[in-house]
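Each chain, written out:
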Amino acid sequence: MLKRLSTSFLIIVVSLFFAAAPAFAANETVTASDGTVIPVLDREEYSRRVEAFVNDARWQDEAAWANGERPKSSPWRAVGCAAYACDFAKEIYGSDKPRTGISYSGSASQIQTGDIVHVYYSSGEHWFVVLQRMGDLLYTAEGAYGGKVQIETGFYIVSGDTLAARYGTDYEIAEAYHYPITE
């Protein structure tokens, strides 16, 4: 059975699984798809920021987060799961909105640690963030999942080009955004 990972375990995992990340130099910047300049984080800084984010009472697992919830730190106008993604972008990357990374869509095989993902499924759409990719399993955080924040491993699974939930629903990646993280 998959269980939720502790944040201390996340730091260890982040340290071990950066082989697929593109090569960037820490402390440099890159220009995102929308023209915004975004920082390149090294894995230690990324881990530190993620640990602070998931341990903050505003964004921690099981925190109340309704569909109408607004961002807590980002000034971007969004609600529900998109608002949670906005706050992740603000707290981790310093961006006000989740659509500021290097964009991609289509294949789930492209998903990397640190990505912000927007999906379509049979009954709607949803935003979530990828705290860590571990092979085919994703350690994710999302708001407005049953009225609360959900942080867990294995809810989303990558199978080739397909993104699926463990209960069988397939998702279409509408848009997703990489943020460069270095070794």
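Structure: above.
What counts as what
Counting restarts for each chain, with residues numbered from 1 along the sequence as it is written. Only residues with pLDDT of at least 70 are given local features in this predicted model, and only at 80 or more are side-chain atom pairs given and counted; all residues enter the totals for whole chains, interfaces and linings. Working from all heavy atoms in the structure, the side-chain values ignore hydrogens and water. One speaks of a salt bridge when a side-chain nitrogen belonging to Lys or Arg is within 4 Å of a carboxyl oxygen belonging to Asp or Glu. By definition, any uninterrupted DSSP run of H or I lasting at least four residues is a helix, any uninterrupted run of E lasting at least two residues is a strand, and each is numbered from the N terminus. The nonpolar core is taken to be a set of buried Ala, Val, Leu, Ile, Met, Phe, Trp, Tyr and Cys residues, with the residues joined through side-chain atoms within 4.5 Å. A 1.4 Å probe rolled over the protein chains alone gives each residue an accessible area, and that area as a share of the maximum for its type sets the label: buried under 20%, exposed over 50%, partly exposed in between. By convention, a stacked pair of Phe, Tyr or Trp rings (six-membered ring in the case of Trp) has centres within 6.5 Å and planes under 30 degrees apart, an edge-to-face pair has planes over 60 apart, and any other such pair is tilted. Criterion for a charge above a ring: Arg CZ or Lys NZ at most 6 Å from the ring centre, at most 35 degrees from the ring normal. Pairing between two strands requires that DSSP report at least two bridges joining them. For helices, the fitted axis covers only the stretch in contact; all axes are lines through C-alpha atoms, and the angles between them, taken along N-to-C directions, range from 0 to 180 degrees. Angle categories: roughly parallel below 35 degrees, roughly antiparallel above 145, roughly perpendicular from 65 to 115, and oblique for all the rest. Crossing handedness is defined as follows: a turn of the near helix away from the far one that is anticlockwise and smaller than a right angle gives a left-handed crossing, while the clockwise case is right-handed. Contact definition: two residues touch when any of their heavy atoms are within 4.5 Å.

1. Regarding the pattern of salt bridges
1) Next: Across all of its chains, the model carries 10 salt bridges by this definition.
2) Next: In this structure, Glu 175 and Arg 99 form a salt bridge, with 2.7 Å as the shortest nitrogen-oxygen distance. With Glu 175 in strand S10 (residues 170-178) and Arg 99 in the loop between helix H3 (81-93) and strand S4 (102-106), the pair connects residues that are 76 residues apart, well separated along the chain.
3) Next: Residues joined in a network through salt bridges with shared partners are Glu 45, Arg 48 and Arg 49.

2. Examining the nonpolar core
Grouped burial of nonpolar side chains is what soluble globular proteins tend to show.
1) Next: Tyr 84, Phe 88 and Leu 131 are the most contacted members of the largest nonpolar core, which totals 36 residues.
2) Next: Looking at this core, the elements that each hand over two or more residues are helix H2 (43-55), H3, strand S6 (124-134), strand S7 (137-145) and strand S8 (148-159).
3) Next: Ranked by residues supplied to this core, first place goes to H3 with 10 residues.
4) Next: By size, the runner-up hydrophobic cluster in this structure holds 16 residues, among which are Val 117, Phe 128, Val 130 and Ala 176.

3. So, the packing of aromatic side chains
1) Next: The tally for this structure, following the rule as stated, stands at 12 aromatic pairs.
2) Next: Pairing Phe 53 with Trp 59 gives two aromatic rings, centres 4.7 Å apart and planes at 15 degrees, and the pair type is stacked. The pair formed by Phe 53 and Trp 59 is uniform in burial state, with each residue classed as buried.
3) Next: Residues Phe 53 and Tyr 84 carry aromatic rings whose centres are separated by 5.5 Å and whose planes lie at 70 degrees to one another, so their mutual orientation is edge-to-face. In this pair, Phe 53 sits in helix H2 while Tyr 84 sits in helix H3, placing the two residues 31 residues apart along the sequence.
4) Next: We classify Phe 53 as buried; its relative accessible area is 2%.
5) Next: The class of Tyr 84 is buried, set by a relative accessible area of 1%.
6) Next: Between the NZ or CZ atom of Lys 72 and the centre of the ring of Trp 65, over which it lies, the distance is 4.6 Å.

4. A word on the pairing of S7
1) Next: Burial analysis of S7 places 7 of its 9 residues in the buried class, which makes it a mostly covered element.
2) Next: The pairing of S6 with S7 spans 5 bridges and is antiparallel. Bridging across to S7, Arg 133 finds its partner in Leu 138.
3) Next: For S7 and S8, the ladder comprises 7 bridges, and the chain directions are antiparallel. Opposite Leu 138, over in S8, you have Tyr 156 as the bridge partner.
4) Next: Taking the residues that link successive antiparallel strands as the turn, the S7-S8 hairpin has 2 residues, and the phi of Gly 146 there is positive, at about 65 degrees.

5. A word on the environment of Met 134
1) Next: Inspection of the secondary structure puts Met 134 in strand S6.
2) Next: Sequence separation between Met 134 and Thr 153 is 19 residues, and the spatial gap between their C-alpha atoms is 9.1 Å.

6. Some remarks on the packing of H2 against H3
Angle between the axes and distance between the axes are the two parameters that describe a pair of packed helices.
1) Next: Two elements in contact, H2 and H3, have axes separated by 9 Å at closest approach and are oriented at 135 degrees. By the criterion of interaxial angle, the relationship of H2 to H3 is oblique. Two packed elements cross with a definite hand, and for H2 against H3 that hand is right-handed. Contacts from Tyr 46, Arg 49, Val 50 and Phe 53 in H2 reach Tyr 84, Asp 87, Phe 88, Glu 91, Ile 92 and Tyr 93 in H3.

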